[in-house]
Amino acid sequence: MGPGDVESSNSQAAIMQTFEQACAALQIPHERAAGELVLLAFRRSPQPFEVCQFIMEHSQMANARFQAAAALQESAIREWGLLTADEKTNMRIYCLHYVMARAAASEAYVQLKVSAVAAVLMKRGWLEMVATEKEAFFEEVKQAVFGTHGLAGQIAGISFLESLVSEFSPSTASAMGLSAEFHEHCRASLELDFLQRFYAWALKAAYSVADKILQNTSTQLEVHVCASALRFMSQVLSWEFQGTLVHGAGGVIVMNKTRSNAFSVMPDISRAKCREPGAFVQPGSTWQESVLSSNHTNWILHFYSCIRERAVESDWIDSPLCVSARQLILQLSCLNGHIFPSDNGITQEEHLQRLLIGITTWISPPIPIISAIKNGKSESELLDGCRALGSIASLTSPAAFDSFLKPSGSIFNLLSSLTIEVIRALGEPQGEEQTWTEEALESLLDVWSHLLQPADLSKRISLPQYGIEAAAEVFRVFVQTQLKAAAASADEEGDESEQLQAVVAARDERLSAIALIARASPRESVALLATLLSERYYFTCQHKEGNHCPTSVLEELHWILLMSGHVLADPGEGETPMIPDTFLTQFPENLEAANHPIVLLSRSAIMLAQKSLDAFFQREIFSPRLMEAIVWFFGRWTDTYLLASDGGKVPNSTPSGAIGSPQENLTTRITGSPVVLAFSVHGDGRSALECLVQLAGVALTSWPGERTLLEITCFQLLPGLSRRRNVCRYLVASEGWQHFAKAFAYLDQTLLVLPSSIQRGLAEVLCRSATGLSSVDVANQFLRDLLSPLTLKILELSHTKDLSTCAQKPDAILLVTNLLERLRGAARATMPRTQKAMFEIGVAVMEPLLIFLECYKNQSMVVYVLLKFVVDWVDGQVAFLEAKETATVFSFSLRLLQTYSVHNVGKISVNTSRALQTESQVEKYKDLRALLQLLTNLSSKDLIDFASDNSTDEENPDIAQVIYLGLHIIIPLISVDLLKYPKLCRQYFTLLAHMLEVYPEKIAKLSKEGFGQVVGALQFGLRHQDIEVVNMSLTALNAIAFYHYQSMCKGEEGLGQHALEGHDSTGAVHEGVLDQFLRSLLQYLLFENYSNELVEPASDALLPLILCNPSLYQRLARDLLEGQHNVMLQGRLAAAFHMLMTGNQVTSSLDRTNRRRFRENLHLFLAEVRGFLCFR
């Protein structure tokens, strides 16, 4: 060593000392900032490679070596272009050798960091390296993985492969400042040329130590080697396989770029996480030999079965080796796609059967396994077994799944016994952290769902008798366990009000899954529920004055009703639910209604409802909680069973084909079912209807303070009674309904004091029941009789002397709010046959509404309800109005907007909006959203088309002028900051897009200030994070550019001055608005990250923008070309720009065919250029 070397060494030692001091300062809070500054300066210093290596080799501080490795990575990536080929190679090899030489070091996190640095350097030079250089590098890695450098070296080699695969994976890749195309080529190259090879290396490494482990002669390092190899194999199978890679001419990798992956610059966050258990693994057909070999699958299953025998006797079940082995088996159970040959699924079924047989030992026999878990054994193996069952069930047909364990056993028996034991364990007391029973039951219920209701309904099978018996036993045990829990909960005082919605949703989801099992064995399951409900009903009936019914029985009744509702009927969301198929096929056709379990269960529930009408039972026995369950049950039951056969056709049937078709046979079976006949008009249907009307009345009046009960009654039971016209025919004739309508009409105080949302719901169901009346005239008169007293009361209140003082009293505010909510509910129920009466009522209250808007300007709740009534009323009327009526509605709407504006300009400020922290606080601005909805409703149809032929131009309002005038009134109230709130923003852009599409010519006539507001909103919308807002903004931009280009082609001025260049206050020239949008839209499409869904609307906006100013488009393209210094990429970019406007026979037309061609060109253009223009 010469004098110069000594001096250099001393200098490096001094730097290392300073570096170590900075690393130590990171652990001291008050010195941390200073230490970070030193490290940052070091990382930014030019070419610190030698010093980094010196610190990594000589420092005794592990954190210093870690930070030096991080600095080496950062500086190497930053100065990569300045390094020679030899320097790059030496740096990669140095990191690899460093890891190998120190494989046995105690500070594992330092070795992992250096492995990660080696992987980053390898990827950075990947496309520069020739094949021989890669082969030479990986030969060293291979030798390490095979054990040439000892066991520690083996672990280090596998660790490097883990880092390499992670670095090349899109979701975990490091940022390098390189094009997305670079990252994609690296990923594709590794997948095509090396990934399968790495998998084979790891498998061989596992083989090399497996025998010693099985013979119990292995060392800890050998166990570590095997665990690392299996973990890496699982990681490889978690790779996001593309399956579209081939070698082209000259060894170039050809990738099939699809629209789903061509434009994304950053990885999808949802895919950045580790693959969830049960997600499909889909390597290509080339992986068949490596992964599907029976020897491979049998080996891992045999290996795990052997090591688990040792694990069962110790705590080894959660050791890294056992966990890694199980995770690999789980990944193998998720295999799907082209890796399996096209042999009608035979190979895949054989593969899955092999796995299923192997994992049964994890979950069977269930009793001793779950008993051991309750005594302290780990539950991880059981949970993994349940997840594997779910994966296998989802990948095969129920018939094949059922055959996998035959003839030695049945999957239904195994699944049943396992589910039963988990349910029993769930019913036992557990600590808050012991959630394994919940997880296991969720996984097992998923398996049942795949068996009983497969995604492909064509694969659905009728259960064999042993399957039905297994399902019945599961349901019986579940009911038994839950009834016990319900009875025990009677003494609990826990308050879950804050989490009530989440608790109810989770409960309903589980009961729905259990109901599927019950429906698989309806004869046993429904009969069980009927017996339980009947027993507890008669038990409650035996209690007399002074004897209170045990709370435990009421809790049991509550649970039985909930379970019965889920079993008997589906929720009526969007369509009328049908009677479950198994209820029609598994009961004897000659079974009489009096003995039918479904009829018995339903009648027991009806008798329970009748008891709720008794004053004694209301006072002494029934609780609000039990009433909630009763009302909820009938809210669900009504749609499916009540008067289902009346009208000659079941309400949920659809037109069938030829006579004797399956649909016709099903319809015949439904209409002839004793269940349907039992509650038809000729059975107990009308009496049941009368009972349910009275039940609703009792729920509303006897427990007025129980908000949940009121809401279930008003929004589930009553809508169920008034939803179908054939039911409404008998409903409006019901004595109870007539009494209810009369009490509502004459403003009975018992109903009028209920919460405002309940007022709206009651008005809506009462008005909807008019569908059951015989004629339009009768229906309109019913509505007038129902709402006239309310209308008169509003008129009376609006003309009260000294209104401004009297109206501010709390009682007056509550009364006005409730009356307006009733009007709103009636408006929401507008139908063609009642539209006339509802229009008359709306016109009658126009003046009072304006008076109230003025009077209650400081009462936000009253203002909001008033505005929402107008919105709903206009929405219901807009399709039916004649020209004169239209003018009346538009005139009133403008007066409403003007009155609102007078009292609110400046009231909604930017400073106030910045104080909003939650979505609930944003609701303070819901009146603005209501006004925007009002304008949207007014503009939704061209009402002139509905006007009578003899109407005059004076009668026909200019719709566009009215809407733009309304926008002119509202826009000053809406700031850009307010548009950051989702609901208001979407409503605003919905209206703006609609107006610019339908009436683009009006925007050209706006003032400079008004036009500037619209442009500012569009610029904001194009940068919004909400895809819907961006989509609507692009639609609006397309409308403006389309209109301007079409006008130019006709020799008209289009947007006129708004489209021309101008000068600002300083005299500087600024582009016209369309030129600005062309520049920003190209920038957005080429360089920013966005959803693929936006490419099509962006294409529709881009084409007219280019046609409006082709010279600007050419100039922008030329600027991009001049900024691209790579000659090859410059040529690709030039060709792509040329193809965009000339390829695929694109012309200067904006007809549908040409726009479609341009969309195709844009997709190809972006797929070609974004890869090398976007950097990461």
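Residues numbered from 1 in each chain as written. Predicted model: local features only at pLDDT ≥ 70, side-chain atom pairs only at ≥ 80, totals over all residues. Heavy atoms only, no water.

Stated formally: UniProt positions are given in the numbering used here, feature names are shortened, and annotations may be inferred rather than shown by experiment.
Identification of the protein chain as Exportin-4 from Adiantum capillus-veneris is taken from an unreviewed UniProt entry. The record held by UniProt for the protein chain lists under Sequence similarities (unreviewed entry) the comment "Belongs to the exportin family."

1. Brief notes about the overall build of the protein chain
Threshold: Runs of E in the DSSP output that reach at least two residues are strands. Runs of H or I that reach at least four are helices, and both are numbered from the N terminus. Think of it in three bands: with a 1.4 Å probe and only protein chains considered, a residue is buried below 20% of the maximum accessible area for its type, exposed above 50%, and partly exposed in between. Whether two residues are in contact is decided by their heavy atoms, any of which lying within 4.5 Å being enough. Here the accessible surface of atoms and residues is derived via Shrake-Rupley with a 1.4 Å probe, and residues count as covered only by protein chains that are part of the display.
The number of helices and strands found in the protein chain is 57 helices and four strands. Sorting the 1176 residues of the protein chain into buried and exposed places 53% on the buried side. Contacts in the protein chain between residues far apart in sequence, at least 24 positions, make up 76% of those at least 6 positions apart. When the accessible surface of the protein chain is summed, it comes to about 52,100 Å², and 52% of that surface belongs to carbon and sulfur atoms.

2. Some words on the packing of aromatic side chains
Applied cut-off: Each pair of aromatic rings taken from Phe, Tyr and Trp, with Trp reduced to its six-membered ring, is defined by centres within 6.5 Å and is described as stacked if the planes are under 30 degrees apart, edge-to-face if over 60, and tilted in the remaining cases. Working rule: Lys NZ or Arg CZ, within 6 Å of ring centre, within 35 degrees of ring normal, means a charge sits over the ring.
In the structure shown here, the tally under the stated rule is 36 aromatic pairs. Ring centres of tyrosine 94 and tyrosine 98 lie 6.0 Å apart, and the angle between their planes is 45 degrees; on these two criteria the pair is classed as tilted. Taken together, the positions of tyrosine 94 and tyrosine 98, both in helix H5 (residues 85–101) and four residues apart, correspond to about one turn of that helix. When the ring of tyrosine 1084 is compared with that of tyrosine 1090, the centres are 5.1 Å apart and the planes differ by 25 degrees; the resulting orientation is stacked. Feature note: the residues Trp126, Phe137, Phe138, Phe160, Phe168, Phe194, Phe198 and Trp201 constitute an aromatic cluster, connected by ring pairs. A cation sits over an aromatic face here: lysine 204 above phenylalanine 146, 4.3 Å from the ring centre. Across the ring face of phenylalanine 744, the terminal group of arginine 822 is positioned such that the distance to the ring centre comes to 3.9 Å.

3. Some thoughts on helix H4 (residues 62–78)
Put simply, the test is: A helix's residues, less one, multiplied by 1.5 Å, set its expected span.
The end-to-end C-alpha distance of H4, which contains 17 residues, comes to 25 Å, matching closely the 24 Å that a straight helix rising 1.5 Å per residue would cover. Across the 17 residues that make up H4, a large majority, 14, are buried.

4. Quick word on helix H37 (residues 756–768)
Across its 13 residues, H37 extends 19 Å between first and last C-alpha, which sits within 8% of the 18 Å expected from 1.5 Å per residue. By the criterion of burial, H37 is predominantly enclosed, with eleven of the 13 residues buried. Regarding H37, the residues found buried are Ser757, Ile758, Gln759, Arg760, Gly761, Leu762, Ala763, Glu764, Val765, Leu766 and Cys767. Buried positions along H37 lie against helix H32 (685–702), helix H33 (707–722), helix H35 (735–745), helix H36 (749–752), helix H38 (776–798) and helix H40 (810–828).

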